[in-house]
Every structure is written in structure tokens, then in C-alpha cells.
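Summary of structural features
Read off the chains here:
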Amino acid sequence: MNNNQGSRSAACRAALAFAFSMCLSSTVWAQGAEGSLYGQATANATVAITNLDTGASREIKSERNGRFAFSKLSPGRYKVSSGGVSREVQVVVGAGTQVNLDAKVETIHVTGNTLSGIDISSVESNTVFTQEQLRALPVARDPNAVALLAPGVVRGDSGFGGLPSFAGASVAENGYYINGFDVTNIRTFLSYATLPFEAIGQQQIKTGGYGAEYGRSLGGVVSLVSKRGGNEWKSGVSMYWTPESGRAKAKDVRDLEPTNAGGYTIFQSSNKSSGVNVNVYSGGALIKDKLFVFALIDGNDSRGSSYGQSNSASSKSGKPNGLVKLDWQVSDNHSIEGTAISNKGKSTTTDYTNARPFSTSHDGIGRTSTNESGGSVLIGKYTGHLTRNLTVSALVGKVEHLVSKVRGARTANQDCPVVLEVNLSEIGCWVGPFPGSGARDPNAPEDTDKRDAWRLDMEWAVGNHTVRGGVDAQAFTSSAAGSTAYTGGYYFRYFVTPDSGIINGVRNAAVPGTQYVRRRLVSSTSGKYEVDNAAIYLEDSWRFAKTLLLYGGLRAESFNNKNAAGVSFVKKDNQLAPRIGFAWDVNGDATSKLYGNFGSYFIPVAANTNIRQTRSEIFEHRFYLFQSRDPRTQGPVGLSAELGVPQIIANGALPNPATIADTKLRPMSQDEFILGFQKALNRGVSVGIKGTHRKIKNGFDDYCGVHQALEKWAADNRFTNFDSNTSAGCILLNPGRDVNLQIDVNNDGRLREFTIPARYFGLAPYKRTYTGIELTFDRPFDGKWNMQGSYTWSKSKGTAEGYVSSIIDQADAGITQDFDFGSFTDGADGYLPNDRRHVFKLFGNAQIQPDVRLGFNASAASGRPKSCIGFVPPTAPDYAGGSANYTVASSYYCLNNQGVTVLVPRGSQGRTPWTYALDFSVAWTPKLATGKLTLQADIFNILNSRKALEVNEQRDYSRQTSGTSPGQLSQNYGQPTSFEAPRSLRLTARYEF
């Protein structure tokens, strides 16, 4: 607000401009579960705030220039007063809300969808949605779906559940928080502890540029703040129903392979699903102005049926969950809060064997299994305003998560091996979907993930500086049972000898047309694996001039990953991540803001790396002729002598922790640059433009051609006694860099450290860059309608997607097969799976009658790049060293139309089609008795667009047939593997009082 205008109407317009600005491109600064207030009053005046929900109040003195700030405020409604001037404002999670009290204007009541103005106290990029906003939009009741509303965020591949990708990062590089507590599951970074959706008060989405307080993510941050009680008791009951009758049929895809004529690669048109979710909740004061509670019970019942080639399944899931939130306002300056969440799940599945291929009924007698997962979250927090200028907070919490506990039919028949016929049909007596449920170590504890963490933060306002600092630590423990990957210990697959008579490299091994079998063995040991992470940060927001904020921060992160014996194999201390930025209030009235920042970010090594890299594993393929088949198991009987050299990918030796990783391994990190501008226009309409550039500074992955590389290096350096079997089979390294390893060069049991030049590994450098430009628009709710939208142009390119590999849906965070061999990186530099060149988003709602509301959510996105993948040719330098053993297409070498292997660069085979989505909602919200009734219908994908989201990128039919001349092409190359979800309906009934 311009204080010199002196006009009451002008002051009101300016105040509204501060309050109404961009939700989608606003920048904020505050801890994930809190907000802040700042502004201008008269010099040295007393400024008071009162939480209108809880009655808590505080007072401070404004500075000599009239500026004031209140930090670490619980989200909610506040009254701010000074010198007879008052304002009623809304504080949202993570946002700084500006309030001007130096002009005597009427109280401004901020309402509507956009709650945060242009925040000139911050350099961060942030989006905030309240529960009320989300109810007014046709959006799935899932934090991931809400995150997709923010600019620069796209949906990842369906193989990872459609998790969000932020600004080019993989879906496994995000951080998730509940009430300020990190609940990211770092076993694979692909899941997190959940909060019942109805209990979410606000959701914050950080898309980049966040301060030194945050780390351990390269993508974005999703922060959930739960509802809490106030002085007024408020209760409600709600029901959400997604009926099967409101769902359109999904698409099928025919199998084009001649041997599978009449079959399907995707068969889902007859699948059925429905669900009901019921919530009962209440919140209020146990002691007025002192002790508050909010409690919610969440019940759900989901049912479905699915059908496959030789089997079908019916399923149902549902287990009551809930939340209890306690807030104790000890005094105006001290508060304690506690959060307890149950997010357990239980599902029951009944499997049937089809009477005919692709039957659309459940045939025969069903075999029932149960699966339990999930766990609990406990969070405690203290906030103390020790002086008018010094605030501290302490947080402690625990997350316990059961990965999966299966009982019943799917754990039966443990003696039955997994067996696949020549045409890939499933035969024998094994139970469960391919690749089978495996045989679990009976003496191992349940597979669980546990997090114990604490953090301490402080904030000190002194002069024109706001100094913040803190420290945190977390211990994450994953228990993993050892097992064989397949029931019966083995996976057998039958093949037919080709016309060449070659089996596994052996000429004239059998008469063409003779059946032979490949036996795969995959087994591992049990253990508990710990990851210890710690960080310390310090930052300063310096009001350098009246209109210019300068920000500087430094974060030091430490990582420690241990094997099952508690011995470290990756340990890095004090990895420095600087953050700098500025925010310029161009006009001096918070209606225009130019801002920018630079930051370095690190992400920890996933716990799954501890499990996969440090335990003993056997992974081998052996080939045999056979005499007959067992009538019960259909496994081979009377195996011949082994044909050819066995394909040994892992030999079962327990790796020495000192040999598993580069001793100077650089944890994965990223640099980010952001420059943006925001402008508030008339009537609260605002626009913005932001440019983002990200670049991986240090990427790491595992490399499995170690023995061949070290043997060549040892020979060149005349270590004649070196035995490569004394080294780990796979190691962690920074691709493209020299590698520092502990090596027993003389085979005498003594390890010595050497630096191995990068050329021996033959790997392309680890690269990923993202460049994006976002245009945003927001017309806030004025009691009649609102609309928000964005357009993002972006480009994501490199040799690695990141912590996962969408091209083969590999979820081993940080240890994908992309860098297992040098030949796998040939041609890998190209457009990445999360590259969506153009993305449009537009959503909003309208109050067409006092009790009738309409809402919509529309989006359009260009397709993802397509690649051609296959198997490395015998001419590859590492072919004999192990790359030939991979039976999953792993490289950008693939067959051309003539059946000849050629190198085809990543992402060069066109793109999937543009996708379009339009969701619509209508709600009737009459007053009923003492409360409010809501009856709402949401229609998702109302136009029933079912474009392909992904396609089969494997050009080669199989490892074996790629070596023939000509090689056998996959007829399903380019066929869709997933589609947009078909049209569906959700009906809502809610009563609040």
C-alpha cells in the first residue's frame, strides 16, 4: 500500500492487491507447517495479533522504520492491530502474508481461493491449497494429484503410480512432510507416510528455490498441514462414492506377435472398480483458549475385479484409519502440539484360474490371500517465543511402516517353481501374479521401514536482518527379508531351438524346433540396514533497502549408509549447499516483484542401495535340454549337461563394505537457477513469469562391469596376482569420473586404495539438465468466480533420468541398470522420459447461485519422448564382461527394420500424442438445520479421452533372438502400454455443523 495516497479507496485497493495475488507463482518463506505475518505500522508502535480460532495473542514493537514481523504462526485466521487500525487476514502454510497498518482504513476481510499475496519477504517458489479450495475443484483426493495443479509439475510414468515429477527431476527425488515432519520413505523415495485426505487443512507445494532449511530432495517438496481444533467446536461427516456404473471402459491392446494370435498385451476393458470413503470428524476446545483437539476417523471400502490371460482376481481393501491432533497453548509465547496418525492398509485378493484365455468371469474355485501394509506416525513439537526477537522450535517424531505382509494362497505352494511356456503363458502349480511371490526367509522379521528424527530451529530478528538456523538428524532403518525371488527356488522358461541350432552360444546344441529351458536363480540374505542423515543450516534475510531483500544461506548435509552389520560403505560429512537470492519490490507497494535465486541441493543414498549393494545375492541364468515335464509343477525333469557358459550376474559372495563404493563418492547433487517476475493487476488479477534452469552436478549409480574393468587396469599396471573376484560385483561411482577404490591387487587380503581412470569403465558422464519457462495467471475468488492457470515450456535432457528408470520401470533408487555397463550409456544422451515440452493448466470455480457451485480442471500436455531399446551387440567392448547376460532390454542398441543392430539415440523416435483432460464438478450447498449440507458430483475426464501415455519401447524380441541374422523384431514395438484413465464419476455427501 502506498501510504502517500491518503485516499481511503486507494488504500483499500492496494490492500486487496496485497491480499489477492498469485497462488500458483507466489514465493514464500517459512517452515513447512507454519506461516508468517509481516508489514508496516507506525514507528515504534505496539503491534498485536490474535488467532481468531484459538484466542492466542502476541505483541511486539515495530522497528524505527515501522516494519514488523511475526514468525512461526499456525495457519489460520488472525486479527492484526496497531494504533486503532486492524486487519483480518489468513495465514497459510509456508507463506508470508503482508499487512499494512500505517493507514487508517477499514478492516479488510481476506476471503476466497487465493490466500497469499506477492510475498516480498521471500525468494522461494511455492503453491498453497486449502481444503476449501480442493473441495471446490474436481481433483482426485490424493496429494500427488493436487501437486499436479502447480506449474512445472508433470505426471510421471504409470509404472511408478503416476507420482509427480518436479522440473525435470525423477519421481523418486521429492520430499514429503506432515506438520513439518519429514515422512519421505527413503527405501526407494517412491512412497511416504499418508494423512487421511479429509484431515488435510492445507497443502503446500514447493517447486523450487527453497531455502537452506530444506534439503534431501532434488525435485520438489509436498508439505501437508493437518486440521486443528479451535475455540468453536466444529464437526462433520462425509462420504465419497466412486461407483462402477460411472466409469467408462478402459482400452485393450492386441498382442501382435504371431505366436500369441488372439491375445492381448493389455486386457482391461472388463476390469471393474468401485469405492466408498466415509469420514467422521470433530474439533474444538477441551479448555477454552488453552487446549484444543481435532480427531478424524477415516473408513474406506474399495472393490475391484481384473482379468488376465490365464487368471483373474477379485479384490477388496479397507481398514479404518485416523488422526488425533492436540494443541496446548501453554501461554501466549509457548505452545506444544502433538499429532498421531494411523495409515494402515489391508486388502484381500481372491485369485481364479481361467477356464479359457482372457475369460471375463471368475472361473473355478478362488484362492484367497491377504496383504497388510502401512503403519503410524507420531509427531511432537514445541514452539517458544523466548523474546520479541527470538523464537525457537523443537520437533521430534517417529514413522513406522510395514512394507507388505502377505498371507494365504499367494504364499502357498512354496515348492512350485515359476514356469512359463514358450508363448509366455503361465503354467504349473505356482500361485500369484508373475514373477511369483517368492520364498521368504522364514526366520526373518517383517519387512519394515522406521524413521526416528528430531530437529531444532531458531529465528532471531535483529535490525534489518532475520537470521535463522537449525540442526536436524534422522535414523532410517529398513528391515529386508532374504528370499528366493520365485516359489520353488527357480524360474523356468521354455524356448524353442532356432533354425541355427544355437543355444546360449553353443552351436548344434539341438535339432531346430527342440524345446530347451532357461533356469533363473535369484536369491538374497536377510538383514537390517540403517541410513543416518544429519544437517545444519544458517540463513539470513537482509532488508538491504526498503524495497530490496537479499537472502543468503548455507546448509551442510551428512549421509551415512551402513550394511547389515552396521559398517558404513558410504559416509559423507558436511556436504555444503549454498543458497543465495534476492527479492526486489519494484514499485515499493508489493504490487510488482522481481526475484531470483541460486541453490545447490543434495539427496541421500536410498536405503534400498544398502540392501541391494551390501547383502549377498545370487543372480544366474543356466540353459539345459530336458527329458520331460513334471505333471504337477510343469518344471523340467531330467536336465542335460549345462549348455554354454552360465550367465552369472551375481555369484553370492558377501561384498566387503570397503569395496562397494568409490571412497570419494560424491553424493547426488543439483544446481538450480531461478529468475522470476510477478505483477498484481487491477481487481486482484495477477500474472507472473519464471525461468528455471537445473543441472545435475554430481550423479551416481551402480556399475557392474567391475571385474572386466579392473582386470584390464591391473594388467596395464602389472599386478599379475590380482584376482577380480576379490572385488564387489557392482560398485557405486560417479559415471564419467575417475574412481577411487579399495583393491586387493596382490591377492594377499590387504586392501590398498587406487585411483582408476574413468576410461577403464567406458561410461558416459552422468548428465541431466532442465530448462523451463512458466507463465501464470490468477483471478482470485471474489464471491462469484475465480480462475487460475499456467503454461510451461520446458526441456529435459541428459544421459540419466535420475533415481529411477522409467524406460523399464526400474524402481531401484540410485542403482538402476542405466550405468551397469559402458555400452548401456551409448546413445543415452537425449530427451528424458519426464520431458513434456508444452503443458497448459487451467482450473477454477463459479458460485452461480448462493447454494450452487460449479468447478472445472482442464489440462493439455505434449507427449513424452519415445526411444528404441534392445540388447548390446557382440561388438560391444563389455559384451563378454557381462552386458551380454542381461535378458531385459537395457541399451539404446536395437534392431532396425532389416533386423540389424544399430545405435538409436535416446528419445529420438518421436513422441506420444498430446493428452487432454477436462474434469467438471457441480455442488449444491444449502444450509440445513444448524449446519451446511454439500451434495457434489465430480466427473473426471468428461470427454473420455484415452490417449496413450506410454508405449512399448523394446524393438528386439529377446536377448536370444537379437543375435540371429536377421534379428527377430518385436511386433509389439510402439504399442501402447498405458492410457489416460477413462471417464469416472465421484459423488460426495457432506454435512458440517
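In this numbering scheme, every chain counts its residues from 1 along its sequence in written order. Note on the predicted model: pLDDT of at least 70 is required for a residue's local features to be given, and 80 or more for side-chain atom pairs to be given and counted; whole-chain, interface and lining totals, by contrast, use all residues. Side-chain numbers come from the whole structure's heavy atoms, not from hydrogens or water.

Focus on the overall build of the protein
For the record, the criterion: Numbered from the N terminus, helices here are DSSP runs of H or I no shorter than four residues, and strands are runs of E no shorter than two. Put simply, the radius of gyration uses C-alpha atoms, and a globule should come to 2.2 Å times the residue count raised to 0.38. Whether two residues are in contact is decided by their heavy atoms: any pair within 4.5 Å suffices. The Shrake-Rupley method, run with a 1.4 Å probe, gives the accessible areas here. Residue values count only the displayed protein chains as cover. When charges are counted, Lys and Arg contribute as positive and Asp and Glu as negative, whereas His and the chain ends are disregarded. In this description, the location of a charge corresponds to atom NZ of lysine, CZ of arginine, CG of aspartate or CD of glutamate.
Across its full length, the protein holds six helices and 62 strands. Taking 993 residues into account, the globule formula puts the C-alpha radius of gyration at 30 Å, and the protein, at 30 Å, falls close to it. Taking all contacts inside the protein whose residues are at least 6 apart in sequence as the whole, residues at least 24 apart take part in 72%. Entry remark: accessible area of the protein is about 38,000 Å², with carbon and sulfur atoms responsible for 55%. Where the 102 positive side-chain charges of the protein centre and where its 87 negative ones centre are 4 Å apart.

Considerations on the sheet that holds strand β6 (residues 85-91)
Put simply, the test is: Being paired, for any two strands, means DSSP has found at least two bridges between them. Lines fitted to C-alpha atoms define the axes here, with helix axes fitted over just the stretch in contact, and angles between the N-to-C directions of these axes take values from 0 to 180 degrees.
With antiparallel pairing, the four strands of this open sheet are ordered in space as β3-β2-β5-β6. Of all strands in the sheet, those with a lone pairing partner are β3 (57-61) and β6, marking the two edges. Neighbour-to-neighbour, the strand axes of the sheet open up by a mean angle of 20°, direction not taken into account. By the bridge criterion, five bridges tie strand β2 (residues 46-51) to β3 in an arrangement that is antiparallel.

Description of unusual backbone geometry
The omega torsion across Ser965 and Pro966 is -5°, close enough to zero to call that bond cis. Along the chain, the position of Pro966 falls in the loop between α6 (959-962) and β61 (976-979). Although it is not a glycine, Asn44 sits at a positive phi angle of roughly 55°. With respect to the helices and strands, the residue Asn44 is situated in the loop between β1 (35-40) and β2. With phi around 55°, Asn941 is a residue other than glycine that occupies positive phi space. In this fold, Asn941 is placed in the loop between β59 (931-940) and β60 (948-951).

Focus on the pattern of salt bridges
Two side chains with opposite charge may pair up if their charged atoms get near one another. In plain terms, the rule: Any Lys or Arg side-chain nitrogen located within 4 Å of an Asp or Glu carboxyl oxygen qualifies as a salt bridge. Between buried and exposed lies partly exposed: a residue is buried under 20% and exposed over 50% of the maximum accessible area for its type, with that area taken using a 1.4 Å probe on protein chains only.
Throughout the structure, instances matching the rule amount to 49 salt bridges. Between Glu213 and Arg455 there is a salt bridge; the shortest N-O distance is 3.8 Å. Taken as a pair, Glu213 in the loop between β15 (200-208) and β16 (221-226) and Arg455 in strand β31 (residues 448-462) lie far apart in primary sequence, 242 residues in all. For the pair Glu213 and Arg455, one class covers both residues: buried. Residues participating in the shared-partner salt-bridge network are Glu213, Arg216, Arg455, Asp457, Glu459, Arg468, Asp472, Glu539, Arg555 and Glu557.

Looking at helix α5 (residues 706-716)
The test is simple: An arc is given here, and it is the one of the directions from the helix axis to the C-beta atoms.
All of the buried residues along α5 are Val706, Ala709, Leu710, Trp713 and Ala714. Seen end-on, α5 carries its buried residues on one side only, within an arc spanning 130°. In the stretch just after α5, Arg718 is the one whose phi turns positive, near 60°.

Some points on empty space enclosed by the protein
For the record, the criterion: Cavities and pockets were defined on a 1 Å grid built from protein atoms only: a cavity is a group of points that admits a 1.4 Å probe but offers it no way out, a pocket is an open group of points flanked by protein on both sides within 12 Å along at least five of seven lines, and a lining residue is one with an atom within 4 Å of any such point. Grid points are joined across faces, edges and corners, and a volume is the space filled by probe spheres set on the points. We call Asp, Glu, Lys and Arg charged. Ala, Val, Leu, Ile, Met, Phe, Trp, Tyr, Cys and Pro are nonpolar, and the rest, Gly among them, are polar.
Tallied over the full model, the rule gives 19 cavities of 30 Å³ or more. Lining the largest cavity are 27 residues, and of these Ala56, Ser74, Tyr78, Gln329 and Ser335 sit closest to its centre. The set of elements that each furnish at least two residues to the lining of the largest cavity consists of β2, β3, β4 (67-73), β23 (321-331), β24 (334-342) and β26 (367-385). The biggest single contributor to the lining of the largest cavity is β24, with four residues. Of the residues assigned to the lining of the largest cavity, the class counts are eight nonpolar, 11 polar and eight charged.

Comments concerning the sheet that holds strand β8 (residues 125-130)
Taken in spatial order, the five strands make up an open sheet running β8-β15-β16-β11-β12, and their pairing is mixed. In this open sheet, the two edge strands, each paired with only one partner strand, are β8 and β12 (181-182).

Here we look at the confidence of the model for the protein
Stated formally: Predictor confidence is given residue by residue as pLDDT, running from a minimum of 0 to a maximum of 100.
Here the protein averages 90 in pLDDT, while 94% of its residues score no lower than 70. Residue range residues 1-31 is modelled with pLDDT below 50. Its contacts to residues more than four positions away, or to other chains, number 128 contacts. Long-range and interchain partners of residues 104-116, a stretch whose pLDDT sits below 50, account for 49 contacts in this model, where long-range means more than four residues apart.

Observations regarding the packing of aromatic side chains
Aromatic ring pairs are reported here in terms of the distance separating the ring centres and the angle at which the planes meet. The line we're drawing: The aromatic pairing rule takes the rings of Phe, Tyr and Trp, using the six-membered ring of Trp, and pairs them if the centres are within 6.5 Å, calling planes under 30 degrees apart stacked, those over 60 edge-to-face and the rest tilted. Whether a charge sits over a ring comes down to the Lys NZ or Arg CZ being within 6 Å of the ring centre and within 35 degrees of the ring normal.
Using the criterion set out here, one finds 31 aromatic pairs in the structure. Here Phe700 and Tyr803 contribute two aromatic rings whose centre-to-centre distance is 5.9 Å and whose plane-to-plane angle is 80°, an arrangement assigned as edge-to-face. Placement of the pair is Phe700 in the loop between β45 (686-698) and β46 (701-703) and Tyr803 in the loop between β51 (785-798) and β52 (830-831), with a sequence separation of 103 residues. Residue Phe700 is classed as buried on the basis of its relative accessible area, which comes to 0%. Ring plane angle 80° and centroid distance 5.2 Å describe the contact between Tyr703 and Phe761, whose orientation is recorded as edge-to-face. Placement of Tyr703 in strand β46 and of Phe761 in the loop between β49 (752-756) and β50 (768-779) is noted, with a sequence separation of 58 residues between them. On the basis of relative accessibility, which here comes to 4%, the residue Phe761 falls in the buried class. In this structure an aromatic cluster arises from ring pairing among Tyr177, Tyr210, Tyr214 and Tyr601. In this structure, Arg141 is placed above the aromatic ring of Tyr240, and the distance from its NZ or CZ to the ring centre is 3.6 Å. One Lys or Arg, Lys593, reaches over the ring of Tyr595 and ends 4.9 Å from the middle of that ring.

With respect to the state of the cysteines
To be explicit about the condition: In this description, the term disulfide denotes a pair of cysteine sulfurs within 2.5 Å.
Under the defined criterion, the tally for this structure stands at three disulfides. Across a sulfur-sulfur distance of 2.0 Å, Cys416 and Cys429 are joined as a disulfide pair. Its S-S torsion of approximately -105° makes the covalent link between Cys416 and Cys429 left-handed. Here Cys429 lies in the loop between β29 (426-427) and β30 (439-440) and Cys416 lies in the loop between β27 (390-408) and β28 (418-420), a separation of 13 residues in the sequence. For Cys429, a relative accessible area of 15% translates into the label buried. Each sulfur in the disulfide pair Cys868 and Cys894 lies 2.0 Å from the other. Across the S-S bond of Cys868 and Cys894 the torsion is about 115°, and the bridge reads as right-handed. A residue pair is termed long-range when its members are at least 10 positions apart, and Cys868 in the loop between β54 (852-861) and β55 (893-895) and Cys894 in strand β55 qualify at 26 residues. Described in terms of the sequence order of its bonded cysteines, the disulfide pattern of the protein is 1-2, 3-4, 5-6.

Considerations on the nonpolar core
The tendency in soluble globular proteins is for nonpolar side chains to be buried as a group. Here is the rule we go by: Working definition of a nonpolar core: buried Ala, Val, Leu, Ile, Met, Phe, Trp, Tyr and Cys residues. They are joined through side-chain atoms within 4.5 Å.
Residues Val183, Trp713, Ile731, Ile743 and Phe761 are the most contacted members of the largest nonpolar core, which totals 91 residues. Per element, the largest residue contribution to this core is five residues, and it comes from α5. Discounting chain neighbours no more than four positions away, the residues touching Phe761 are Tyr703, Ala709, Ile731, Leu733, Val739, Ile756 and Gly822. Counting 15 residues, the second-largest nonpolar core is a separate cluster that includes Ile49, Phe68, Val89 and Val99.

Some points on a nonpolar patch on the surface
Put simply, the rule reads: For patch detection, residues must exceed 30% relative accessible area and be free of salt bridges, and they are connected within 9 Å for like charges or within 5 Å for nonpolar side chains (Val, Leu, Ile, Met, Phe, Trp, Tyr).
On the surface, a nonpolar cluster with roughly 470 Å² of combined accessible area is contributed by Trp584, Val586, Phe677, Ile689, Ile773 and Leu775. With respect to the element layout, Val586 can be found in the loop between β38 (568-585) and β39 (592-602). When its relative accessible area of 30% is taken as the criterion, Val586 is described as partly exposed.

Let's talk about the environment of Ser805
Assignment of secondary structure puts Ser805 in the loop between β51 and β52. For the pair Ser805 and Ser425, spaced 380 residues apart in the sequence, the C-alpha separation amounts to 27 Å. The residues contacting Ser805, other than those within four sequence positions of it, are Phe160, Gln810, Thr816 and Asp818.

Section: helix α4 (residues 607-614)
Summarising burial for α4: seven of the eight residues are buried, a large majority. Here α4 has its buried residues at Ala607, Asn608, Thr609, Asn610, Ile611, Gln613 and Thr614.

Observations regarding the environment of Thr411
Along the chain, Thr411 falls in the loop between β27 and β28. Through-space distance from the C-alpha of Thr411 to that of Ala439 is 7.8 Å; in sequence the pair is 28 residues apart.

A few points about the pairing of β45
With 12 bridges joining them, strand β44 (residues 669-680) and β45 adopt antiparallel strand pairing. Bridging across to β45, Gly676 finds its partner in Lys690. Inspection of the sheet shows β45 paired to β50 by 10 bridges, in the antiparallel sense. Paired with Val687 across the two strands is Phe777, which belongs to β50.

Re the environment of Asp585
This is how the line gets drawn: Residues adjacent in sequence count toward polar contacts only when both atoms are side-chain atoms; beyond that, a polar contact is any pair of N or O atoms within 3.5 Å, and within protein one must be able to donate a hydrogen and the other to accept it.
Inspection of the secondary structure assignment puts Asp585 in strand β38. Taking the C-alpha atoms as reference, Asp585 lies 6.3 Å from Ile120; in sequence the two are 465 residues apart. Within the local environment of Asp585, its side chain forms a polar contact with the backbone nitrogen of Asp589, the two atoms lying 3.4 Å apart.

With respect to the side chain of Ser970
Mapping Ser970 onto the fold places it in the loop between α6 and β61. Using a relative accessible area of 10% as the deciding quantity, one classes Ser970 as buried. Ignoring sequence-local partners within four residues, the contact set of Ser970 consists of Glu257, Asn952, Gln954, Arg955, Asp956 and Tyr957.

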